[in-house]
Amino acid sequence: MKTISENRAFGGVQGVYSHASEACDCEMTFAVFVPPQAEHGPVPCLWYLSGLTCTHENAMTKAGLQAHAAEFGLAIVFPDTSPRGAEIANDDAYDLGQGAGFYVNATEAPWASHFQMETYIAGELRDLVTDNFPISVHHGITGHSMGGHGALTLAMKYPGHYQSLSAFAPIANPTRSDWGRKQLGAYLGPDETRWTSHDATALLKDVGWSGDVLVDQGADDQFLDLLMPESLVKALVETRTGHSFRLHPGYDHSYFFVSTFARDHVAWHAERLQA
């Protein structure tokens, strides 16, 4: 693991690091905020998965999460959204390839050799972070848009990994949305039965989530038809999963929306991870 930068922030340290990833077969970059409470022992960890086109840096600099993490004593991990590099497959469209990994393990060419983001996030990076930072066994996960999709699906697929769950404007039903069908078809092939394990609405019905979930959604989100939050809400109700779904008039899909409700999410996770 290489240190790219470390800066003092809110009494803690915001660092950016890189490492050679076996899962993605390339150099991967990620960021970790360690709160001041870690000076006295391991702290719970919140994973923040970012959306389309983002790197580790977007949420690190725009979401304002560090102040809240320092207040509540949580570490925050900001992974990248895909493998990157000149040798990595890519697409001219913003919503496929680099910056658009969708947190799946690709099985189709040309993506399969590097786009193993599910294994990377839930396995390799998790082990690297817990081995190198003062982080406890208590982990939560959240994310925005494509990252909200990733947070919801990984939490349900790896129930022992995460004890708390939330999402900002998640892609909630990708098997029925143009933000999903295109990418899942490219990464996983044309057999749509293989897509459902990467769809939060379908996973709620198939495997469920043992805890409760917080979801914030802007009512004026310009991508609302692609996100399909109504499908997720219906599944939460049908499966009787504890949830707080909040629809906010006037808010769009931007990081202004995320930063407005960031403290609520950090507090939500802190309550469940420190109980």
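Just above sits the structure.
Residues numbered from 1 in each chain as written. Predicted model: local features only at pLDDT ≥ 70, side-chain atom pairs only at ≥ 80, totals over all residues. Heavy atoms only, no water.

Draft legend 1. Focus on the sheet that holds strand S6 (residues 135–143). With mixed pairing, the nine strands of this open sheet are ordered in space as S1-S2-S3-S5-S4-S6-S7-S8-S9. Every interior strand has two partners, whereas the edge strands, strand S1 (2–9) and strand S9 (243–248), have only one. Each strand of the sheet is rotated relative to its neighbour by a mean of 20 degrees, with strand direction disregarded. As paired elements, S1 and strand S2 (residues 12–21) share seven bridges and run antiparallel to each other. For Lys-2, the partnering residue across the bridge sits in S2 and is Ser-18. With respect to the sheet, helix H3 (residues 117–132) is in contact with S2, strand S3 (26–34), strand S4 (43–49), strand S5 (75–79) and S6, its orientation differing from that of S2 by roughly 120 degrees. Sheet strands touched by helix H9 (residues 255–273): S4, S6, strand S7 (164–168), strand S8 (213–218) and S9. Its angle to S7, the strand with the most contacts, is close to 175 degrees. (Pairing = 2+ DSSP bridges. Helix = DSSP H or I, 4+ residues; strand = E, 2+ residues; numbered from the N terminus. Axes fitted to C-alpha atoms, helices over the stretch in contact; angles between N-to-C directions. Contact = heavy atoms within 4.5 Å.)

Draft legend 2. Examining unusual backbone geometry more closely. Across the junction of Ala-109 and Pro-110, the peptide omega takes the value 0 degrees, indicating a cis bond. Considering the arrangement of structural elements, one finds Pro-110 in the loop between S5 and H3. Phi at Phe-102 is positive, roughly 60 degrees, even though this residue is not glycine. Its location among the elements puts Phe-102 in the loop between S5 and H3. Its relative accessible area of 0% is what places Phe-102 among the buried residues. Even without being glycine, Ser-145 reaches a positive phi, approximately 60 degrees. (Buried < 20%, exposed > 50% of the residue type's maximum accessible area, 1.4 Å probe, protein only.)

Draft legend 3. Region of the structure containing the packing of aromatic side chains. Applying the stated criterion across every chain, the model contains twelve aromatic pairs. Measuring from ring centre to ring centre gives 4.7 Å for Trp-179 and Phe-223, while their planes differ by 35 degrees; the resulting arrangement is tilted. Note that Trp-179 is positioned in helix H5 (residues 178–188) and Phe-223 in the loop between S8 and helix H7 (224–227), a separation of 44 residues in sequence. For Trp-179, a relative accessible area of 4% puts it in the buried group. Assessed through its relative accessible area of 27%, Phe-223 is described here as partly exposed. Ring pairing ties together the aromatic residues Tyr-48, Phe-78, Phe-168, Tyr-251, Phe-257 and Phe-261, which thus form one cluster. (Phe/Tyr/Trp six-rings, centres within 6.5 Å; stacked < 30°, edge-to-face > 60°.)

Draft legend 4. Main features of H5. Buried within H5 are the following residues: Trp-179, Gly-180, Gln-183, Leu-184, Ala-186, Tyr-187 and Leu-188. Seen end-on, H5 carries its buried residues on one side only, within an arc spanning 165 degrees. Of the surrounding secondary structure, the elements contacted by the buried residues of H5 are H7. The residue sitting at the N-terminus of H5 and contributing the capping side-chain oxygen is Ser-177; that oxygen lies 3.0 Å from the backbone nitrogen of Trp-179. Directly beyond the C-terminal end of H5, a positive phi value near 95 degrees is found at Gly-189. (Arc of directions from axis to C-beta. Polar contact = N/O pair within 3.5 Å; in protein donor to acceptor, adjacent residues only side chain to side chain.)

Draft legend 5. Region of interest: the packing of helix H2 (residues 65–72) against H9. Here H2 crosses H9 at 30 degrees, and the two axes come no closer than 9 Å. Judged on the interaxial angle alone, H9 and H2 are roughly parallel. The two elements H2 and H9 meet at a crossing, and its hand is right-handed. Contacts between H2 and H9 involve Leu-65, His-68, Ala-69, Glu-71 and Phe-72 on the former and, on the latter, Ala-262, Arg-263, Val-266, Ala-267 and Ala-270. In the contact of H2 with H9, the residues fall into seven nonpolar, one polar and two charged. (Parallel < 35°, antiparallel > 145°, perpendicular 65-115°, else oblique. Left-handed = near helix turned anticlockwise from the far one by under 90°. Nonpolar A, V, L, I, M, F, W, Y, C, P; charged D, E, K, R; others polar.)

This is a description of form; function is not addressed.
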